[in-house]
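# Commentary on secondary and tertiary structure
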Amino acid sequence: MKHKFLTTCLVFFALVTAQAQDLFVLGGELGNSSASCRQDIETIFPKLHKMGLNTVLVPAYWDLIEPVEGQFDFSLTDCVLETARANDLKVVFLWFGAWKNSMSCYAPAWFKLDTQRFPRAVTEQGKPLEIASCFSEAVFQADNKAFCAWWSHVAEMDKNVGTVSMLQIENEIGMLESARDHSAVANKIIKVEGWEKEYGKSIYTDEKFMAHHYAQYVERMAQSAKAIYEVPFYVNAAMNSRGRVPGEYPSAGPLAHLADIWKAAAPSLLLLAPDLYDSGFTDWVAQYAMENNQLFILEIKLQPNDGVRAMYVFGEHNALGISPFSIEDGSNEVTGAYDLLEQLKPIIIANRNKGTMHGLLFDQEVKERVIKDGKLILTARHNFTLPWDPRATDGSTWPEGGGIIIKLAENEYIVAGMGIVVEFKTNSELTPQSAELGEDGFALAGSSTEADSKKWKGARCGILSCDEVTIDNGEINFVRRLNGDQDHQGRHVRISVGEWKILHVKVYQYE
Ligand code: DGJ
């Protein structure tokens, strides 16, 4: 029996993981209240399609779905599905049920008003929080009943169409004001389960304890959803940033330092997704690209550099998707990048997890990245490291530049993105053997150096061709040759700041 259960779990995980490999979300998440009436949905979705999105992330609000206990209204969900289909968009639904950003603000009024039946978490001082207690079976039953009724309706409307590509269960679960629930029930459970014996009494133990119980709760929801309609399920986390300790940030959520607890207690989830609003982008994404967790940025602050960041995560971390928050307030933040990524989609999917892709992301501080690729060394830089663009030195802040490098074959690459320059060299070329060159490629000074007088050793790398291309169904189509001044007479390939391009680059070695 146990064996059968395990096999079923493994088969489910393998199926969902295989399904996940095809996920390619060029997304945007609606602001919290932007799917609460028909006219907003109908006005916003056509705009998102024009912005280049292939997926919209949309909340499903428990308070509007079950305004009276046991009476359900799915009209907004129907509107979301119809409008998404009419605008060629996939949908990721977000179940705003018992918890949204820690709080239970999306629970219907009948639930909020009945604190006897639906108990709240309390602080150590006994202060009640507007956070439903995850230890209450009544809370779970009420949440799960609405969730299942709604998800069954989605299944009925979508099973044969497949507009819904993922489902987020709850939103940014976590404890605030207190690292754990100190209700009598919670106090008893933490004792019986021996958490403090194992880890000592501290807010860090409190956080682990809560993480385990939140994850168990979510696992039960995922199990119910799985029996109704199977898509990849996930949860999202608010970051434990700015030096805050448990209780000061939404603690016990699916954070990187609690990933093992979450993964063990909620095996039906495909992944834990970070919501990125703080500085330190590359560090945060690296934390969530784990061996047992594929990176998926379901929320990122809407800003002009989201485009290059999208290219970076698909290339560097084999990300499954990205989605700026409150996307309807945007204009063209992601359009250039999403257009390139949509073209590159089959090539990126084919290269996922093979070690053949790299992401680039540069600003005024991080200007250079050196990538070793077999016998070649690729040096990528911010395009403003070239002295030719006046914007590089006029005192203004450099916009982020970035992109993706994909190795198609030996000596053949795709370089795509915005604001980048890439040189291809052999090892011998990087060992100083010749005089330093000026920006025109001529000798910097008028006399030869000592290095010049030594005998040259080894091969050099040159550019065979660099073409700007488009990609259609995986097929590379020539647009124009970039040679002469446009590749610095064969010394580098580049894409200016403000231009989004895909380059098809072939290199060769000569002795
Ligand atoms: C993260 C949450 O998940 C979103 O729903 C939203 O509240 C944003 N923070 C900030 O506005």
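Notes on the structure in this doc start here. (Residues numbered from 1 in each chain as written. Predicted model: local features only at pLDDT ≥ 70, side-chain atom pairs only at ≥ 80, totals over all residues. Heavy atoms only, no water.)

## Concerning the overall build of the chain
To be explicit about the condition: Secondary structure is summarised from DSSP: a helix means a run of H or I of at least four residues, a strand means a run of E of at least two, and numbering begins at the N terminus for each. The globule rule used here is 2.2 Å times the number of residues to the 0.38 power, and the radius of gyration it is set against is calculated over C-alpha atoms. Each residue is assigned to one of three classes by its accessible area relative to the maximum for its type, calculated with a 1.4 Å probe on protein chains only: buried under 20%, partly exposed between the two thresholds, exposed over 50%.
A tally of helices and strands in the chain yields 15 helices and 20 strands. The C-alpha radius of gyration of the chain comes to 26 Å, within 12% of the 24 Å expected for a compact globule of 511 residues. Seen through its C-alpha atoms, the chain measures out along the principal axes to roughly 90 × 55 × 55 Å. When burial is assessed residue by residue, the chain has 56% of its 511 residues classed as buried.

## Here's the deal with the sheet that holds strand E19 (residues 493-495)
The strands that make up a sheet are held in pairs by hydrogen bonds between backbone atoms, and each pair lies either parallel or antiparallel. What counts here: Paired strands, as defined in this entry, are two strands with at least two bridges between them according to DSSP. Lines fitted to the C-alpha atoms define the axes, with helices restricted to the stretch that makes contact. Angles between their N-to-C directions range from 0 to 180 degrees.
Read across the sheet, 4 strands follow the order E12-E13-E16-E19 without closing on themselves; strand pairing throughout is antiparallel. Either end of the sheet is taken by a strand with one partner, and the two such strands are strand E12 (368-373) and E19. Taken pair by pair, the neighbouring strands of this sheet meet at an average axis angle of 15°, ignoring direction. Across 6 bridges, the pairing between E12 and strand E13 (residues 376-382) is antiparallel. Note that in E13 the partner of Lys372 across the bridge is Ile377.

## A few points about empty space enclosed by the protein
For the record, the criterion: Any residue with an atom within 4 Å of a point lines the site, the site being either a cavity, points on a 1 Å grid over the protein atoms alone where a 1.4 Å probe fits but cannot get out, or a pocket, an open set with protein on both sides within 12 Å along at least 5 of 7 lines. Grid points are joined across faces, edges and corners, and a volume is the space filled by probe spheres set on the points. Throughout this entry, Asp, Glu, Lys and Arg are counted as charged residues, while Ala, Val, Leu, Ile, Met, Phe, Trp, Tyr, Cys and Pro are counted as nonpolar. The remaining residues, Gly among them, count as polar.
Within this structure, the stated rule accounts for 1 cavity of 30 Å³ or more. Of the voids in this model, the largest cavity is the one considered here, and its volume is about 30 Å³. Lining the largest cavity are Trp262, Lys263, Ala266, Leu269, Leu270, Leu271 and Leu272. Among the elements of the structure, helix H10 (259-265) and strand E8 (271-276) are those that each provide at least two residues to the lining of the largest cavity. For the lining of the largest cavity, the per-class residue count stands at 6 nonpolar, no polar and 1 charged.

## Focus on the pattern of salt bridges
Pairing is possible between side chains that carry opposite charge, provided their charged atoms lie close to one another. Heads up, the condition is: Only one rule defines a salt bridge in this text: a Lys or Arg side-chain nitrogen within 4 Å of an Asp or Glu carboxyl oxygen.
Enumeration over the complete set of coordinates arrives at 23 salt bridges. The salt bridge partner of Lys127 is Glu177, with a shortest N-O separation of 2.6 Å. Residue Lys127 is located in the loop between strand E4 (120-122) and strand E5 (128-132), and its partner Glu177 is located in the loop between strand E6 (164-171) and helix H7 (184-192); the two are separated by 50 residues in the primary sequence. The class for Lys127 is partly exposed, based on a relative accessible area of 44%. Overall, the relative accessible area of 52% leaves Glu177 in the exposed class. One salt bridge connects Arg369 with Glu316, and the closest N-O pair in it is separated by 3.0 Å. Highlighted residues: Arg369 in strand E12 and Glu316 in helix H12 (residues 306-317), separated in sequence by 53 residues. A residue is classified by how much of its surface remains accessible, and Glu316, at 24% relative accessible area, is partly exposed. A network of salt bridges, in which partner residues are shared, links Glu368, Arg381, Glu423 and Lys425.

## Some thoughts on the packing of helix H6 (residues 137-158) against helix H9 (residues 203-228)
A packed helix pair is summarised by two numbers, namely the angle formed by the two axes and the spacing between the axes. The criterion, for reference: Angle categories are assigned with fixed cut-offs, so that under 35 degrees is roughly parallel, over 145 is roughly antiparallel, 65 to 115 is roughly perpendicular, and the rest are oblique. Two helices that cross are described as forming a left-handed crossing if the nearer one is turned anticlockwise from the farther one by less than a right angle, and a right-handed crossing if clockwise. Residue contacts are counted whenever heavy atoms from the two residues lie within 4.5 Å of one another.
Following both chains from N to C, one finds H6 and H9 inclined at 25°, their axes separated by 10 Å at the closest point. Taken together, H6 and H9 sit at an angle that is classed as roughly parallel. Here H6 and H9 pass one another in a crossing that is right-handed. Contact residues: H6 offers Glu137, Val139, Phe140, Gln141, Asp143, Asn144, Phe147, Cys148, Trp151, Ser152 and Ala155, while H9 offers Tyr217, Arg220, Met221, Ser224, Ala225 and Ile228. Of the residues contributing to the contact of H6 with H9, the split by class is 10 nonpolar, 4 polar and 3 charged.

## A short note on the site of the ligand
In plain terms, the rule: We call a residue near a molecule or strand whenever a single non-hydrogen atom of that residue lies within 4 Å of it. Counted as a polar contact is a pair of N or O atoms within 3.5 Å, where, for protein atoms, one must be capable of donating a hydrogen and the other of accepting one, and residues adjacent in sequence contribute only when both atoms are in side chains.
Residues in close proximity to the ligand include Asn32, Lys100, Asn101, Asn171, Glu172, Asn236, Asp275, Tyr277, Glu299 and Phe325, which together make up its full environment. In the model, an oxygen atom of the ligand is placed 2.8 Å from a nitrogen or oxygen of the Asn171 side chain.

## Description of the side chain of Glu219
Selection criterion: In this count, Lys and Arg are taken as positive residues and Asp and Glu as negative ones, while His and the chain termini are left out.
Mapped onto the secondary structure, Glu219 falls in helix H9. Here Glu219 occupies a buried position and makes no salt bridge, while the nearest side chain of opposite charge, Lys226, is found at 5.2 Å. Polar side-chain contacts of Glu219 include one of 2.6 Å to the side chain of Gln223. Other than its neighbours up to four places away in sequence, Glu219 contacts Ala265, Ala266, Pro267, Ser268 and Leu269.

## Considering the sheet that holds strand E11 (residues 357-362)
An order of E11-E14-E15-E20-E17-E18 is seen for the 6 strands of this open sheet, with the pairing classed as antiparallel. Of all the strands in the sheet, just E11 and strand E18 (475-481) have a single pairing partner and so form its edges. Between one strand axis and the next, the sheet turns by 35° as a mean value, whatever way the strands run. Taken together, the 6 bridges between E11 and strand E14 (residues 401-409) define a ladder with antiparallel strand orientation. Directly across from Phe362, in E14, lies its bridge partner Gly401. Contacts between H12 and the sheet are confined to E11, E14 and strand E15 (412-418), with E11 contributing the most and set at about 150° to the helix.

## Thoughts on unusual backbone geometry
A positive phi angle, close to 55°, is found at Arg242, a residue other than glycine. Tracing the backbone through its elements, the reader meets Arg242 in the loop between strand E7 (233-238) and H10. Despite not being glycine, Ser326 has its phi angle at roughly 60°, a positive value. Summarising the element assignment, Ser326 is placed in the loop between strand E10 (321-324) and helix H13 (335-351).

What is shown is where atoms sit, not what they do.
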